[in-house]
Amino acid sequence: MSAVATKNRILVEAAVESVEAAIAAEQAGVDRLELCADLANGGTTPSFELIDAVRAATRLPLQVMVRPRAGNFVYSEREIARMTRDIGLIRGRNPSGIVTGVIGSDGKLDERNLKRLLTAARTTPVTFHRAFDRLADPIGALEPLIELGVERILTSGGPRTASEGIEQLAAMVERARGRIVILAGGGVRAHNVREIIARTGVREVHARFVDSAQMKALVAAARD
């Protein structure tokens, strides 16, 4: 199952870390879930038991985070091996996508290890997560990510929030020209989502699930 934005509809993705949050997000009207553990620290790989439980409890497309720890996105050989193993095991559970990313200690895209993660994902779509915002030259990384076959990028445009990164997000959407999805995330809320959409041209937005009321308000505002 997949969910994509249509010309006249903004897709809303909610980041969740429990079955209860996933159910509430679905009831609030979101289109897709991103499942993580430890969202307080940016999200890490959830347990396989949690993945199975969320899939059983909801009908929404499910993106699954693969990140072995909190902190930076520069990984050791052992961590990359763990990530490729986890992607293979998660892929067998038929998620709608994998959310992952890796950068080098020099601040550039780690293409060699990203290729390994993409190979492990096979035909499962991959979203490059907010490691993208830690790159020294995010705009410059767009073409390599497109060439490697990454489906979307979760990004605030570089700054802490999407509102602060509006100009950069707009530049990314223009540069991408529909070849890769730019998923705006970082402080996206009901009070600012319309401005983010209008000024950047993004068709997909991402927000952490906090409570049902806030998520319903965000969904309504995004589609107003």
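To be clear, the structure that these remarks concern was listed above.
Residues numbered from 1 in each chain as written. Predicted model: local features only at pLDDT ≥ 70, side-chain atom pairs only at ≥ 80, totals over all residues. Heavy atoms only, no water.

(A) Representation of the overall build of the protein in the model. Secondary structure summary: the protein contains eight helices and eight strands in total. Against the compact-globule benchmark of 17 Å for 224 residues, the protein has a radius of gyration of 16 Å, which places it among compact chains. Expressed along its principal axes, the backbone C-alpha trace of the protein runs to roughly 45 × 40 × 30 Å. A buried classification covers 53% of the 224 residues belonging to the protein. Only carbon and sulfur atoms are counted for the fraction: they give 48% of the accessible area of the protein, which is about 10000 Å². The protein carries 31 positive and 27 negative side-chain charges, and their two centres are separated by 2 Å. (Helix = DSSP H or I, 4+ residues; strand = E, 2+ residues; numbered from the N terminus. Rg over C-alpha atoms; globule rule 2.2 N^0.38 Å. Buried < 20%, exposed > 50% of the residue type's maximum accessible area, 1.4 Å probe, protein only. Areas by Shrake-Rupley, 256 points an atom, 1.4 Å probe, with all protein chains shown as cover. Lys, Arg positive; Asp, Glu negative; His and termini not counted. Charge placed at Lys NZ, Arg CZ, Asp CG, Glu CD.)

(B) Looking closely at the sheet that holds strand β5 (residues 126-128). Spatial ordering of the closed barrel is given by β1-β2-β3-β4-β5-β6-β7-β8, a layout of eight strands whose pairing is parallel. When the angles between neighbouring strand axes are averaged without regard to direction, this sheet yields 25°. Two strands pair when backbone bridges link them, and strand β2 (residues 32-35) and strand β3 (residues 62-65) are joined in this way by three bridges, in the parallel orientation. In the strand pairing of β3, Leu35 is matched with Val64. Its contacts with the sheet put helix α8 (residues 212-222) on β1 (11-16) and β8 (204-208), and the angle it makes with β1 is roughly 160°. (Pairing = 2+ DSSP bridges. Axes fitted to C-alpha atoms, helices over the stretch in contact; angles between N-to-C directions. Contact = heavy atoms within 4.5 Å.)

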